[in-house]
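Architecture and fold: a report
Take a look at the letters that make up each chain.
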Amino acid sequence: MEKIYNTETSFAKIGDRTIAYRSYGKGKAIIFVNRFRGTLDTWDPLFIAELAKKFNVIVFDYSGIGSSTGSLAPDITVVAKDVKDLADFLKLDSVIVLGWSYGGLVAQTATLLYPNLVTHAVLVGTNPPGKNEIPIEQAFFDAALKPVNDFEDEIVLFFEPKSESSRLAAKASHDRIHKKIDGGKIPSTMDVFQLYFGGGDTFRDDALNFREQLKKIKTPILIISGDHDISFAVENWYPYINQMTNAQMIVYAATGHGPQHQYPELTAQYIINFVEYI
């Protein structure tokens, strides 16, 4: 994984902003779309390395986040344009999008807005558009809104604290991520948090009727969730997925909001198989 740790950050000059990104591996491009407060450094390097064996994995910072300039828009449709603009800058005619958490909202939006660009969508630890029955748990807000998160917060936010195997996986993932991370780039102020929440609100308000569109879209969609996700409850998919045209779903037991960090190699293999056969 040394190549993952040593890959330099590149910068895409797009209009009046610059998007920071890193590129790993060769093959069809898969653009990782990040979580609330996520940066280039907060993906598990093992997950990246496994997918980079088959794909050109591209991670980036949203406009105004991390090493990118500009401002994060409080409108999810504007945030999704980062995906399209970065693909255009890199001269990519087609991409897979992999969105985690808030990034799953962005990935769904990009899939619907740019159907000629996105060939497959992988949605990790996220929920469908519109109003969902099960809300975010208070435990998420208690941990996620701290200016700086420690390891115990990470267990609560991304893993299953009640499971010893999940806690062990959390430690392994934490150690991989923290081998090289610039914590100063992680958003830490409420004014920025509110921009993320604004995007979530537009996705939930669903003025463009994405909830109905996603049911009918023919783009293959893979949904990967933990059985106890305090941010985006997997149960919100259950009354919805059987109305979708071309979706598959994987649910891990004793797993929280970050299934790809608890099971990086297995999750990567599921994604590889999905893209190769669907």
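To keep things clear, this report deals only with the structure shown in the data block.

Rules behind the numbers
- Residues numbered from 1 in each chain as written.
- Predicted model: local features only at pLDDT ≥ 70, side-chain atom pairs only at ≥ 80, totals over all residues.
- Heavy atoms only, no water.
- Axes fitted to C-alpha atoms, helices over the stretch in contact; angles between N-to-C directions.
- Helix = DSSP H or I, 4+ residues; strand = E, 2+ residues; numbered from the N terminus.
- Parallel < 35°, antiparallel > 145°, perpendicular 65-115°, else oblique.
- Contact = heavy atoms within 4.5 Å.
- Nonpolar A, V, L, I, M, F, W, Y, C, P; charged D, E, K, R; others polar.
- Buried < 20%, exposed > 50% of the residue type's maximum accessible area, 1.4 Å probe, protein only.
- Salt bridge = Lys/Arg side-chain N within 4 Å of Asp/Glu carboxyl O.
- Pairing = 2+ DSSP bridges.
- Right-handed = clockwise from strand over helix to strand, strands pointing away.
- Left-handed = near helix turned anticlockwise from the far one by under 90°.

Helix packing for two helices is described by the angle between their axes and how far apart those axes are. With their axes 8 Å apart at the nearest point, helix 3 (residues 76-89) and helix 4 (residues 102-113) run at an angle of 80 degrees to one another. By the angle between their directions, the pair helix 3 and helix 4 is classed as roughly perpendicular. The residues of helix 4 that touch helix 3, namely those facing I76, T77, V79, A80 and V83, are Y102, L105, V106, T109, A110 and L113. Class assignment of the residues belonging to the contact of helix 3 with helix 4 gives a composition of nine nonpolar, two polar and no charged.

This next bit is on unusual backbone geometry. Excluding glycine, a negative phi dihedral is what most residues carry, and trans is how most peptide bonds are arranged. Located in the positive-phi region is K91, a residue other than glycine, with phi close to 60 degrees. Within the element layout of this structure, K91 appears in the loop between helix 3 and strand 5 (95-100). In this structure, D206 takes a positive phi of about 55 degrees despite not being glycine. Among the residues examined, D206 registers a relative accessible area of 13% and is labelled buried.

On to the pattern of salt bridges. In total, this model carries 14 salt bridges according to the counting rule given. Between K146 and D153 there is a salt bridge, and its shortest N-O distance comes to 2.9 Å. Exposure remark for D153: the relative accessible area of 7% places this residue in the buried category. Among the salt bridges present, the one from D201 reaches R204, with a minimum N-O distance of 2.4 Å. In this pair, D201 and R204 both sit in helix 8 (residues 190-205), three residues apart, roughly one turn of the helix. Taken together, the shared-partner salt bridges in this structure form one network comprising R17, K81, D82 and D85.

Once that is clear, we can look at the environment of V95. Residue position: V95 is located in strand 5. Classification of V95 by relative accessible area gives buried; the value is 0%. Between the alpha carbons of V95 and L117 there is a distance of 6.1 Å; along the sequence they are 22 residues apart. Non-local contacts of V95, meaning those with residues more than four positions away in its chain, are made with K28, A29, I31, A87, L117, V118, T119 and H120.

Before going further, it helps to examine the pairing of strand 3 (residues 29-33). Counting buried residues in strand 3 gives five out of five residues, a clear majority hidden from the surface. Burial of the side chains of strand 3 extends over both faces: A29, I31 and V33 are buried on one face and I30 and F32 on the other. Sheet analysis places strand 3 next to strand 4 (residues 56-60), joined by four bridges and oriented parallel. Within strand 4, the residue paired with A29 across the bridge is N56. Tracing the backbone out of strand 3, into helix 2 (residues 45-52) and back to the parallel element strand 4 gives a crossover that is right-handed.

At their nearest, the axes of helix 6 (residues 151-158) and helix 7 (residues 164-177) sit 10 Å apart, and the two run at 120 degrees to each other. In terms of orientation, helix 6 and helix 7 fall into the oblique class. Crossing angle aside, the handedness with which helix 6 passes helix 7 is right-handed. From helix 6, F151, E152, E154 and I155 reach across to helix 7, where they touch R167, A170, K171 and H174.

On to the sheet that holds strand 8 (residues 247-252). The strand order across the open sheet formed by eight strands is 1-2-4-3-5-6-7-8, and the pairing between neighbours is mixed. Because the sheet does not close on itself, it has two edges, and the strands there are strand 1 (10-14) and strand 8. Across this sheet, the average inter-strand angle for adjacent strands is 25 degrees, counted without regard to direction.

This is a description of form; function is not addressed.
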